[in-house]
Each structure stands twice: as structure tokens, then as C-alpha cells.
Amino acid sequence: MGGKKVCVVGSGNWGSAIAKIAGSNAARLSTFENQVNMWVLEEEVGGRRLTDIINTEHENVKYLPGHKLPPNVVAEPDLLKACAGADILLFVVPHQFIGQVCDQLKGHMKKDAVGVSLIKGVDEGPDGLRLISDIIHEKLGIEMSVLMGANIANEVAGEKFCETTIGCKNIQHGQTLKELMQTPNFRVTVVQDADTVEICGALKNVVAVGAGFCDGLGYGDNTKAAVIRLGLMEMIAFAKLFCKGPVASSTFLESCGVADLITTCYGGRNRKVAEAFARTGKTIEQLEKEILNGQKLQGPPTSAELHRILKLKNMVHKFPLFTAVYQICYEGKPVTDVIKCLQNHPEHM
Ligand SMILES: NC(=O)c1ccc[n+]([C@@H]2O[C@H](COP(=O)([O-])OP(=O)(O)OC[C@H]3O[C@@H](n4cnc5c(N)ncnc54)[C@H](O)[C@@H]3O)[C@@H](O)[C@H]2O)c1
């Protein structure tokens, strides 16, 4: 019996970093087939095809420059070929693209394949919140787990110590996924509260935008700590209102919860672009293009999705930080509204 075939669906900054880990574990463990495919949306970089560069130089020079991928990670531009026969699929495209990726994959998956979403974001459905893992499950019919944590891709690729959380409903699958992804410097905890793990990953990006606004306005670390604390309170309240299953408070103490929130509010791209937004007055779209070189922002679109869900449920007033971030990004409200929202937060009334 051969090992399980692994495919990484996506090859951005995080997709490439996780391919590095999964590739090197697959190469040394008999549980997995040696070759790990990575689906790459083809593009030209310096007049060459990105897949050719990855397969010859073993480096994603556009999205994860400076880090070598193991040679058993094979870049494939054809999505169906990349995923053919896969037993484990790691989904790691920006959340706005997952619907169209799944539509292409529909009907081409092994029935007992297992998926893991590393995608941070949410979508809205007719009844409110839709998790990305639910979208994948509904479209492809495969069982889904999630992996979320304080995992800035460049640091993970640089093998700097960090922790992460796998949320899975089937604990046996959770152990196999841990085997695929754990390294001495990437420690995996498996919990069964998968929906909460996923919600944390999406919501923290919105809080990080608020933290970036404070940085851009010249406020200090005390203010940012208040954003983080109030943001965490809103994350917990949102999860309790909108998760289908039980929400364990302990999940917020895992890497996917408070740790990811802190790292994103200090180091992530959402914070960085929000700071520039407050300093320059340029639009989010403009700054995304100028600063991120093809990488995608998750915080502002997630704030818009949350806002629509909260409006639908008549709950906008209970989430002032999420709402302020949305209104500043998309409705032309002044950035200083983020401070007003902290001063008048229901927590202080
Ligand atoms: N980068 C990080 O540090 C990090 C850490 C943890 C989680 N995440 C999450 O991982 C997910 C993927 O982020 P990333 O950092 O790997 O990507 P990225 O933002 O670095 O790169 C963008 C990727 O999107 C692809 N893309 C562009 N247009 C597309 C389309 N139409 N269809 C499909 N793909 C398209 C590009 O080819 C590129 O691979 C996001 O949900 C993000 O929140 C990122």
C-alpha cells in the first residue's frame, strides 16, 4: 500500500510555506506518498512561468522569496491534474477565490479524501455566516478540518518556533494531519472545536485592521492592547452567536485564538496596510496593490461580510469595533472613529 497522496491547493505566501513543511514530512514519513503536488495559478515572473521557476529552482520567487522548497514539492498549473487522486488536500487560496476553485474540482475528488482549510475568512449565506470549510464541504462532499494559528508565513518558512491549532471533527484524521504538518518548530495542537478555530482565524484579521489604524494615528501599545482585548471580546461574542456547535472558551487560549490575534495585530499585512491607510488617505485597494505585490488582504473584505451578517441579524450595535473597521474601510468614516469606538465601547458603559 502506498502512502497518502497530498496536494496543496494554492501557492501564495502561506501556501508555499505549508508546502515546504508538508513536503519535507512527506519525504521522510511512509504514511505519505513522497511527491506533494502544489497547484499554482500560472503567471509570468521576470518573463518565465512561475511553475517552471518553482520546479527548477525550488523556490516560489514571487510569493515566498528566499526560502527553498523541498524538491518533492511539484508545482502544477492544472488544478485537476494537481489534485488527481489526492487523499489529503490543503486548501490555501485567499478566501475570495475558494468558490471558483471548488466549482472546478467538483466531481473530480476521491470520495474518502480529507480536506484541511488554512484559509482565513468567512462568507455570507442566506441565513448569515458561512464558514469556508462548509463551502468546501458542500461543494466537494469531503470531510473538512481546519488549521489556524499565529503563523506568519515568512517566519514559519524561516523555521522560527511557533504553534498552530488543527480543528477537526474526526480525531483520527486530526492525528494524521498533525503527522503531516508538525515539525520541531511548528507545534500542532488538535482540538475538536473546529468551527471556533476557523472563526478565530477569520475575525482576527478585522481586529488587526483596527490595530493598524491605531498605529497609523500614532497611538501607542496601551491603545493597541485595548483594541486586542475588546477585539477578542467581540470575537468570542460573535463565535457564541453564530457557531452551530458548542463554543469552548479554552479554544480562544489556543494558538488560533489569542496568539494569532496578537501576532496579527503586531506583524501581519492587514495591520501594515491599515497603518498606511491612516497615514496616507489612499484607498485600501490602492494600498493592497502598492504594498502587497499580488498578496491579498483579508481583514477589510471580512469586515464587509461580517457587517452584512450583523445587519441581517440586527446586531450591528453589539460589535462596535468590527463595525468601525468596516465603516472606515468602505463608508468613508474618519479613521479617528476607531478611537471613539474604543471610548464608547459597551464594555465601558
Ligand atoms: N501569509 C500568511 O502569513 C498567512 C498565514 C496564515 C494564513 N494565511 C491565509 O492563507 C490564505 C492564503 O494566503 P496566502 O498568504 O497563501 O496568499 P497570498 O495573498 O500570498 O497570495 C495570493 C495567492 O492568490 C492566488 N490567486 C490570485 N488570483 C487567484 C484566483 N483568481 N484564483 C485562485 N488563486 C488566485 C495567487 O496566485 C497567489 O498564490 C489566506 O486565507 C490567508 O489569510 C496566510
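Residues numbered from 1 in each chain as written. Predicted model: local features only at pLDDT ≥ 70, side-chain atom pairs only at ≥ 80, totals over all residues. Heavy atoms only, no water.

**Describing the state of the cysteines**
Any covalent bond linking the sulfur atoms of two cysteines counts as a disulfide.
Right, on to step 1. Counted according to the given criterion, the structure contains zero disulfides.
Right, on to step 2. You can see Cys243 has no disulfide; the closest cysteine sulfur is in Cys200, sitting 8.4 Å from it.
Right, on to step 3. Assessed through its relative accessible area of 11%, Cys243 is described here as buried. (Disulfide = S-S within 2.5 Å. Buried < 20%, exposed > 50% of the residue type's maximum accessible area, 1.4 Å probe, protein only.)

**Points about helix H2 (residues 50-57)**
In an α-helix, one turn spans 3.6 residues; hence positions three or four apart end up facing the same way.
Right, on to step 1. Taken as a whole, H2 has its buried residues at Leu50, Thr51, Ile53 and Ile54. Mapping the buried residues of H2 onto a view down its axis gives an arc of 160 degrees, with all of them on the same face.
Right, on to step 2. Packed against the buried residues of H2 are strand S2 (32-39), strand S3 (44-45), strand S4 (48-49) and strand S5 (73-76).
Right, on to step 3. Two residues or fewer past H2, His58 is found with a positive phi of approximately 55 degrees. (Helix = DSSP H or I, 4+ residues; strand = E, 2+ residues; numbered from the N terminus. Arc of directions from axis to C-beta. Contact = heavy atoms within 4.5 Å.)

**Some details on the packing of aromatic side chains**
Right, on to step 1. Applying the stated criterion across every chain, the model contains seven aromatic pairs.
Right, on to step 2. Here Phe238 and Phe242 contribute two aromatic rings whose centre-to-centre distance is 4.4 Å and whose plane-to-plane angle is 40 degrees, an arrangement assigned as tilted. One end of the pair, Phe238, and the other, Phe242, are both in helix H9 (residues 221-242), four residues apart, so they sit about a helical turn from each other.
Right, on to step 3. Between Tyr326 and Tyr330, the ring centres sit 5.7 Å apart and the planes meet at 40 degrees, which makes this aromatic pair tilted. Of this pair, Tyr326 and Tyr330 both sit in helix H14 (residues 320-330), separated by four residues, roughly a single helical turn.
Right, on to step 4. For Tyr326, a relative accessible area of 14% gives the class buried.
Right, on to step 5. Clustering of aromatic rings is evident, with ring pairs tying together Phe238, Phe242, Phe319 and Phe322.
Right, on to step 6. The ring of Tyr266 carries Lys224 above its face, with NZ or CZ at 4.0 Å from the centroid. (Phe/Tyr/Trp six-rings, centres within 6.5 Å; stacked < 30°, edge-to-face > 60°. Lys NZ or Arg CZ within 6 Å of the ring centre and 35° of its normal.)

**Brief notes about the UniProt feature "domain: Glycerol-3-phosphate dehydrogenase NAD-dependent N-terminal" (unreviewed entry) in the protein chain**
Right, on to step 1. The sites that UniProt annotates as "domain: Glycerol-3-phosphate dehydrogenase NAD-dependent N-terminal" (unreviewed entry) are residues 5-172.
Right, on to step 2. A distance of 17 Å separates the end C-alpha atoms of residues 5-172, which is 32% helix and 29% strand. (UniProt positions renumbered as here; feature names shortened; annotations may be inferred.)

**Describing the pairing of strand S11 (residues 162-167)**
Right, on to step 1. Most of S11 sits out of view: five of its six residues are buried.
Right, on to step 2. Two elements, strand S10 (residues 143-148) and S11, share three bridges in a ladder whose sense is antiparallel. Paired with Val146 across the two strands is Gly167, which belongs to S11.
Right, on to step 3. Here six bridges tie S11 to strand S12 (residues 186-191), and the two strands are oriented parallel to one another. Residue pairing for S12: Ile166 is matched across the bridge by Val190.
Right, on to step 4. At this point the chain moves from S11, through helix H7 (residues 171-181), to the parallel S12, and the crossover so formed is right-handed. (Pairing = 2+ DSSP bridges. Right-handed = clockwise from strand over helix to strand, strands pointing away.)

**Brief notes about unusual backbone geometry**
Right, on to step 1. We note that His58 has phi near 55 degrees; this positive angle belongs to a residue other than glycine.
Right, on to step 2. Tracing the sequence through the fold places His58 in the loop between H2 and S5.
Right, on to step 3. Backbone geometry at Asn293 places phi at a positive 45 degrees, although glycine is not the residue there.
Right, on to step 4. Tracing the backbone shows Asn293 in the loop between helix H12 (284-292) and helix H13 (299-312).
Right, on to step 5. Overall, Asn293 belongs to the partly exposed group, its relative accessible area being 48%.

**A few points about the site of the ligand**
Right, on to step 1. Close to the ligand lie 25 residues; Asn13, Lys120, Ala153, Arg269 and Lys296 are nearest.
Right, on to step 2. Arg269 places a side-chain nitrogen or oxygen 2.7 Å from a nitrogen atom of the ligand.
Right, on to step 3. Relative to its free-state accessible area of 840 Å², the ligand is covered by the protein chains to the extent of 89%.
Right, on to step 4. Tallying contributions element by element places helix H1 (residues 13-28) first for the shell around the ligand, with three residues.
Right, on to step 5. For the shell around the ligand, the class distribution of residues is twelve nonpolar, nine polar and four charged.
Right, on to step 6. When residues of the shell around the ligand are assigned to domains, at least three fall in each of domain 1 (4-192) and domain 2 (196-348). (Near = heavy atom within 4 Å. Polar contact = N/O pair within 3.5 Å; in protein donor to acceptor, adjacent residues only side chain to side chain. Areas by Shrake-Rupley, 256 points an atom, 1.4 Å probe, with all protein chains shown as cover. Nonpolar A, V, L, I, M, F, W, Y, C, P; charged D, E, K, R; others polar. Domains from an automatic or database assignment.)

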